[in-house]
Amino acid sequence: MTTTFQLGADLAVRRIGYGTMRLTAPQVPGCSNAMFHIWKAPDDRRAAIAVLRRAVELGVDLFDTADSYGLGENESLIAEALSPYRDEVVIATKVGAVRPAPPEWIPLGHPAYLRQQAELSLRRLRLDRIDLLQLHRADPAFPLADQVGALKLLVDEGKVRHIGLSEVSVEQLREAAAITPVASVQNLYNIGERGHEDVVEYAAAQGIAFIPWFPIGAGAHAVADGPVAEVAAEVGATPAQVSLAWLLHRSPVMLPIPGTTSQSHLAENIAAGDLRLSDDQLRRLSAAVPVR
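My aim in this report is to walk through the structure given alongside it, one point at a time. (Residues numbered from 1 in each chain as written. Predicted model: local features only at pLDDT ≥ 70, side-chain atom pairs only at ≥ 80, totals over all residues. Heavy atoms only, no water.)

1. Re the overall build of the protein chain
- Within the protein chain one finds 10 helices and 11 strands.
- What you see for the protein chain is a C-alpha radius of gyration of 18 Å, in line with the 19 Å of a compact globule of 292 residues.
- Along the three orthogonal principal directions, the C-alpha set of the protein chain runs to about 50 × 45 × 40 Å.
- Evaluated residue by residue, the protein chain yields a buried proportion of 52% over its 292 residues.
- Sequence separation of 24 or more characterises 73% of the internal contacts of the protein chain that already satisfy a separation of 6 or more.
- For the protein chain, the accessible surface area stands at approximately 12,400 Å², while carbon and sulfur atoms represent 52% of it.
- For the protein chain, the distance from the average position of its 27 positive side-chain charges to the average position of its 34 negative side-chain charges is 3 Å. (Helix = DSSP H or I, 4+ residues; strand = E, 2+ residues; numbered from the N terminus. Rg over C-alpha atoms; globule rule 2.2 N^0.38 Å. Buried < 20%, exposed > 50% of the residue type's maximum accessible area, 1.4 Å probe, protein only. Contact = heavy atoms within 4.5 Å. Areas by Shrake-Rupley, 256 points an atom, 1.4 Å probe, with all protein chains shown as cover. Lys, Arg positive; Asp, Glu negative; His and termini not counted. Charge placed at Lys NZ, Arg CZ, Asp CG, Glu CD.)

See the structure below:
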């Protein structure tokens with residue numbers, strides 16, 4: 001199993017990155033869903049910076065964010081924390097989702113808006129060029145070709161190095177690839193959520209990075225007496241580590257980006273890259289939840 005991947009064919013990254021979405025204020029009054037709590041800067045900025053810098057110390061060199069996380073605060077946090085390591089890390093961000101209120105995630109793919117948001121991301125991240133700019137969601141109100149074309153224009157202007165897409169189908173990937181090279185696809189995927197198997201296979205065939213969001217997942221497959229816990233006991237690891245190791249074994253283009261606010265959990269996640277699972281263990285894990 002390889003430990004690195006050539007993102008966009010020219011950026012070598014280690015295969016376990018870090019998703020920064022959780023480095024925001026832990027709760028918004030009146031909101032019960034954790035997905036809504038991505039609204040403000042973290043309560044403890046020093047602690048958040050320490051986690052980001054510890055990630056670099058542990059070998060992480062791919063960091064994922066979005067302009068909508070904390071309404072831009074997340075990007076500013078990354079800029080502050082990672083500025084001493086700028087030449088050592090790859091920063092990926094996303095544009096194309098607006099947040100008029102904590103519960104709302106609304107796709108907005110107007111080409112002019114996408115270009116404007118990329119400009120704001122450049123300022124907040126303190127970059128001259130974004131390593132990987134991803135379309136957060138394809139907006140059905142605008143042709144996908146126009147949305148991808150706006151990102152391509154940023155590449156042509158030297159403001160973006162590589163383009164990625166999020167939550168798209170194989171058909172949409174093919175349409176985008178006819179306009180410009182696509183370096184990554186970021187879809188929901190884990191042991192319990194495998195609805196994008198065809199996208200994983202297409203990405204592997206094309207050498208496109210597959211960045212699974214919510215990579216550890218949760219659910220019936222992760223119960224104490226389930227197959228994940230069973231394999232974890234066999235290899236002396238945690239269920240979360242086994243879930244990440246399964247992803248790494250699943251495809252050589254898989255780049256999980258687990259997020260955490262805990263330095264100890266961060267170290268555990270990164271250590272998952274050293275786990276080796278047998279063919280029998282992989283079979284049992286893959287069979288844990290039927291593919292939908």
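2. A few points about the pattern of salt bridges
- In total, this model carries 17 salt bridges according to the counting rule given.
- Where glutamate 57 meets arginine 54, a salt bridge forms, and the shortest distance between an N and an O atom there is 3.1 Å. Linking glutamate 57 with arginine 54, this pair stays in helix 1 (residues 45–57), spanning 3 residues, or about one helical turn.
- We classify glutamate 57 as exposed; its relative accessible area is 54%.
- Measuring nitrogen to oxygen at the nearest pair gives 2.5 Å for the salt bridge that ties glutamate 230 to arginine 284. Within this pair, whereas glutamate 230 is found in helix 7 (residues 227–235), its partner arginine 284 is found in helix 10 (residues 279–286), the two being separated by 54 residues in sequence.
- On the basis of relative accessible area, arginine 284 is assigned to the buried category, the value being 19%.
- What you see here is one network of salt bridges that share partners, running through Glu230, Glu234, Asp280, Arg283 and Arg284. (Salt bridge = Lys/Arg side-chain N within 4 Å of Asp/Glu carboxyl O.)

3. Side note on the environment of arginine 276
- Along the chain, arginine 276 turns up in the loop between helix 9 (263–271) and helix 10.
- Residue class for arginine 276 comes out partly exposed when judged on its relative accessible area of 45%.
- Sequence separation between arginine 276 and alanine 12 is 264 residues, and the spatial gap between their C-alpha atoms is 22 Å.
- Here the side chain of arginine 276 touches glycine 273 through a polar contact of 3.1 Å, landing on its backbone oxygen. (Polar contact = N/O pair within 3.5 Å; in protein donor to acceptor, adjacent residues only side chain to side chain.)

4. Re the packing of aromatic side chains
- For the coordinates displayed, the defined rule picks out 4 aromatic pairs.
- Ring geometry for tyrosine 189 versus tryptophan 246: centroids 6.0 Å apart, planes at 20°, classification stacked. On the criterion of sequence distance, the pair formed by tyrosine 189 in the loop between strand 10 (184–186) and helix 6 (197–206) and tryptophan 246 in helix 8 (residues 239–250) is long-range, its members being 57 residues apart. In terms of burial, tyrosine 189 and tryptophan 246 fall into one category: buried.
- The ring of tryptophan 105 has arginine 99 sitting right over it, with the charged end atom 3.8 Å from the ring centre. (Phe/Tyr/Trp six-rings, centres within 6.5 Å; stacked < 30°, edge-to-face > 60°. Lys NZ or Arg CZ within 6 Å of the ring centre and 35° of its normal.)

5. Looking at the packing of helix 2 (residues 73–82) against helix 3 (residues 111–125)
- It is the contact of helix 2 with helix 3, at a shortest axis distance of 7 Å, that shows an interaxial angle of 35°. Residues Glu75, Ser76, Ile78 and Ala79 of helix 2 form the contact with helix 3, whose participating residues are Ser121, Arg124 and Leu125. (Axes fitted to C-alpha atoms, helices over the stretch in contact; angles between N-to-C directions.)

6. Digging into unusual backbone geometry
- Of note, the phi angle at alanine 9 is positive, near 75°, even though the residue is not glycine.
- Among the structural elements, alanine 9 can be located in the loop between strand 1 (4–7) and strand 2 (11–14).

7. Some points on the nonpolar core
- Leu7, Leu52, Phe63, Leu82 and Phe210 are the most contacted members of the largest nonpolar core, which totals 82 residues.
- Leaving out residues up to four positions away in the same chain, leucine 82 has contacts with Leu52, Val56, Phe63, Val89 and Ile91. (Core = buried A, V, L, I, M, F, W, Y, C linked by side-chain atoms within 4.5 Å.)

8. Description of the pairing of strand 2
- Where burial is concerned, the two faces of strand 2 differ: the one with Leu11 and Val13 is buried and the one with Ala12 and Arg14 is not.
- Bridge analysis of strand 1 against strand 2 gives 4 bridges, and the strand direction is antiparallel. By the bridge assignment for strand 2, threonine 4 is matched with arginine 14.
- Two successive antiparallel strands, strand 1 and strand 2, enclose a turn made up of 3 residues, where glycine 8 displays a positive phi of approximately 65°. (Pairing = 2+ DSSP bridges.)

9. Remarks on the side chain of glutamine 117
- By the element assignment, glutamine 117 lies in helix 3.
- Among the residues examined, glutamine 117 registers a relative accessible area of 9% and is labelled buried.
- Here glutamine 117 is in contact with Asp67 and Val95, once residues within four sequence places are set aside.

10. Things to note about helix 2
- Counting buried positions along helix 2 yields 7 of 10 residues, so the element is predominantly enclosed.
- Taken together, the buried positions of helix 2 are occupied by Asn74, Glu75, Leu77, Ile78, Ala79, Ala81 and Leu82.
- Packed against the buried residues of helix 2 are helix 1, strand 4 (62–64), strand 5 (90–95) and helix 3.

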